[in-house]
Amino acid sequence: MVTWKNNGLSETKIHVSNLDFYYGITQALFDITMDIPSQRVTALIGPSGCGKSTFLRALNRMNDIIDGTRITGHVLIDDEDIYGSSADVVRLRKRVGMVFQKSNPFPKSLFDNVAYGPRTHGIKNHKQLSEIVERSLRRAALWDEVKDRLSVSAMDLSGGQQQRLCIARALAIEPEILLMDEPASALDPKATAKIEDLIDQLSDDYTIVIVTHNMQQAARVSDVTAFFYEGHLIEMGQTEQIFTKPQQKGTEDYITGRFG
C-alpha cells in the first residue's frame, strides 16, 4: 500500500484512508490512503480507466447516485468523516464544489446559472443574489466579458466561457474545496491557458483537486501530483519531485511516455 503524508506543505484538508470502491462486484479502487493539502492544487494523473475520476467523485459522494456501488474506508474533511452515519450530503456538496469535463451550463441566463445554487440554499433577495453573481463571475475571471449581458442565454457563450461560467456557478455556493474533472480537455489552447491561470488564482482561497490526462498541465498547475494505475495509488509527492525524480518505475514509465 502506498501512502502519502502532507509533511508540512500546508494543513491537511482531506485525509483518505484505506479507501476501497466497487462497481457491483468489480473493484475500482484499492486501499487508497493519502493526505490532500489545504489551499493547494493536487493533480491526479494516470491512463484512462485507472480510477482517477472515481476517486475524485468519492470526495463529494457523487458516486452515491450510481446504482450498485459500494465504498469502504474513510474520507475525512477537516476531521469529519463524510461517509459517517451522521454525514449531511447536502451540506457536503455545498462544501465541495465540482466542475466537470464537459461544460454543462443550464439553458438559462448567465445570471440564473450562477444564482441557481444560492437560490436552492434559500437566498431569494435579488440584491444579495446580484452581489453573489458578480463576485463569483469575478473570481472565475469572466465578469468583464459578460457584465453587460447577464440576461442572455449561457448557451450563447464560447466553450471556454461556458466552462468558466460553470466554475463561477460552483463558486457561488462558497465551497471550501473545488473538484475539477479534466476541466480544459475540450478547450482550445487559448481557453485552456485561461482555465490554468484561473486555477492558479483560485488556489489561494480553495483546496483544488484536478484530474488531468495532460501531464504538462499537471506540471504547470499543481503543487502535488498523485499517479494512479489500475485502481492503485502508485506514487504521490510534490509535483516537481514526481516529474523529475519519481521513486517508482511505473511512474517514470508513464511520465516518459512508455505507456498510457
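Before reading further, recall that the structure is shown in the block above.
Just so you know, these numbers come straight off a predicted model, no measurement behind them. (Residues numbered from 1 in each chain as written. Predicted model: local features only at pLDDT ≥ 70, side-chain atom pairs only at ≥ 80, totals over all residues. Heavy atoms only, no water.)

Chemist: What's the story with the side chain of Thr 251 in this structure? I'm lost.
Modeler: Tracing the backbone through its elements, the reader meets Thr 251 in helix H10 (residues 249-255). With a relative accessible area of 1%, Thr 251 lands in the buried category. Separated by 2.8 Å, the side chains of Thr 251 and Glu 235 make a polar contact. Filtering out sequence-adjacent residues up to four positions away, Thr 251 remains in contact with Phe 227, Ile 234, Glu 235, Ile 242 and Pro 246. (Helix = DSSP H or I, 4+ residues; strand = E, 2+ residues; numbered from the N terminus. Buried < 20%, exposed > 50% of the residue type's maximum accessible area, 1.4 Å probe, protein only. Polar contact = N/O pair within 3.5 Å; in protein donor to acceptor, adjacent residues only side chain to side chain. Contact = heavy atoms within 4.5 Å.)

Chemist: Please clarify how the nonpolar core should be interpreted in this entry.
Modeler: Note on soluble globular proteins: their nonpolar side chains tend to be buried together. In this structure, Leu 137 and Ile 167 are the most contacted members of the largest nonpolar core, which totals 44 residues. If near-sequence neighbours (up to four positions away) are discounted, Leu 137 is found in contact with Val 114, Leu 142, Trp 143, Val 146, Leu 150, Leu 165 and Ala 168. If you look at the next biggest cluster of nonpolar residues, it comprises 32 residues, including Ala 58, Val 96, Phe 228 and Leu 233. (Core = buried A, V, L, I, M, F, W, Y, C linked by side-chain atoms within 4.5 Å.)

Chemist: Help me understand the environment of Phe 100, please; the structure alone is not making it clear to me.
Modeler: Its place among the elements puts Phe 100 in the loop between strand S6 (96-99) and helix H3 (110-120). For Phe 100 and Leu 165, which are 65 residues apart along the polypeptide, the C-alpha to C-alpha distance reads 12 Å. For Phe 100, the residues in contact, after removing those within four places along its chain, are Met 62, Gln 163, Asp 181 and Pro 183.

Chemist: Whenever I open this one, the sheet that holds strand S2 (residues 26-37) confuses me. Can you help?
Modeler: The strands that make up a sheet are held in pairs by hydrogen bonds between backbone atoms, and each pair lies either parallel or antiparallel. Strands sit in the order S2-S1-S4-S5 across an open sheet of four strands; the sheet is antiparallel. This sheet does not close on itself; its edge strands, each paired only once, are S2 and strand S5 (80-81). Across two bridges, strand S4 (residues 69-77) lies against S5 in antiparallel orientation. Bridge assignment links Ile 77 to a residue of S5, and that residue is Glu 80. (Pairing = 2+ DSSP bridges.)

Chemist: Can you help me understand the pattern of salt bridges in this one?
Modeler: Pairing is possible between side chains of opposite charge, provided their charged atoms come close. For the structure on display, the rule yields 16 salt bridges. Two residues, Glu 174 and Arg 135, come together in a salt bridge whose shortest N-O distance is 3.4 Å. A residue pair is termed long-range when its members are at least 10 positions apart, and Glu 174 in the loop between helix H6 (159-171) and strand S7 (177-181) and Arg 135 in helix H4 (residues 126-139) qualify at 39 residues. In this structure Glu 174 comes out as partly exposed when scored by relative accessible area, which is 36%. Since its relative accessible area comes to 33%, Arg 135 is described here as partly exposed. (Salt bridge = Lys/Arg side-chain N within 4 Å of Asp/Glu carboxyl O.)

Chemist: What is the right way to read unusual backbone geometry from this model?
Modeler: Peptide bonds are trans in most cases, and residues, glycine excluded, mostly fall at negative phi. Phi is positive for Arg 61, close to 65°, though the residue is something other than glycine. Checked against the element boundaries, Arg 61 lands in the loop between helix H1 (52-58) and S4. Overall, the relative accessible area of 15% leaves Arg 61 in the buried class. Look at Glu 182: it is not a glycine, yet its phi comes out positive at around 50°. Structurally, the position occupied by Glu 182 is in the loop between S7 and helix H7 (189-202). For Glu 182, a relative accessible area of 11% puts it in the buried group.

Chemist: Which parts of the structure should I look at to understand the pairing of S7?
Modeler: Where a strand is regular, its side chains alternate between the two sheet faces. Burial runs high along S7: five of the five residues are buried. Here S6 pairs with S7 via four bridges, running parallel. Across the sheet, Val 96 pairs through a bridge with Ile 177, a residue of S7. For S7 and strand S8 (residues 207-211), the ladder comprises five bridges, and the chain directions are parallel. Following the sheet pairing, Asp 181 is matched in S8 by Val 211. Following the backbone out of S7, through H7 and into the adjacent parallel S8, one traces a crossover that is right-handed. (Right-handed = clockwise from strand over helix to strand, strands pointing away.)

Chemist: Would you mind showing me how to read the packing of aromatic side chains here?
Modeler: What characterises a pair of aromatic rings is the spacing of the ring centres plus the angle enclosed by the ring planes. Applying the stated criterion across every chain, the model contains four aromatic pairs. With centroids separated by 5.4 Å and ring planes inclined at 40°, the aromatic side chains of Phe 55 and Phe 228 adopt a geometry described as tilted. Taken together, the residues Phe 55 in helix H1 and Phe 228 in strand S9 (residues 224-229) connect sequence positions 173 residues apart. Residue Phe 55 is classed as buried on the basis of its relative accessible area of 0%. Classification of Phe 228 by relative accessible area gives buried; the value is 0%. Across the ring face of Tyr 22, the terminal group of Arg 70 is positioned such that the distance to the ring centre comes to 4.1 Å. In this structure, Arg 169 packs its charged tip against the face of Phe 106, placed 4.1 Å from the ring centre. (Phe/Tyr/Trp six-rings, centres within 6.5 Å; stacked < 30°, edge-to-face > 60°. Lys NZ or Arg CZ within 6 Å of the ring centre and 35° of its normal.)

Shape is all these values report; function is a separate question.
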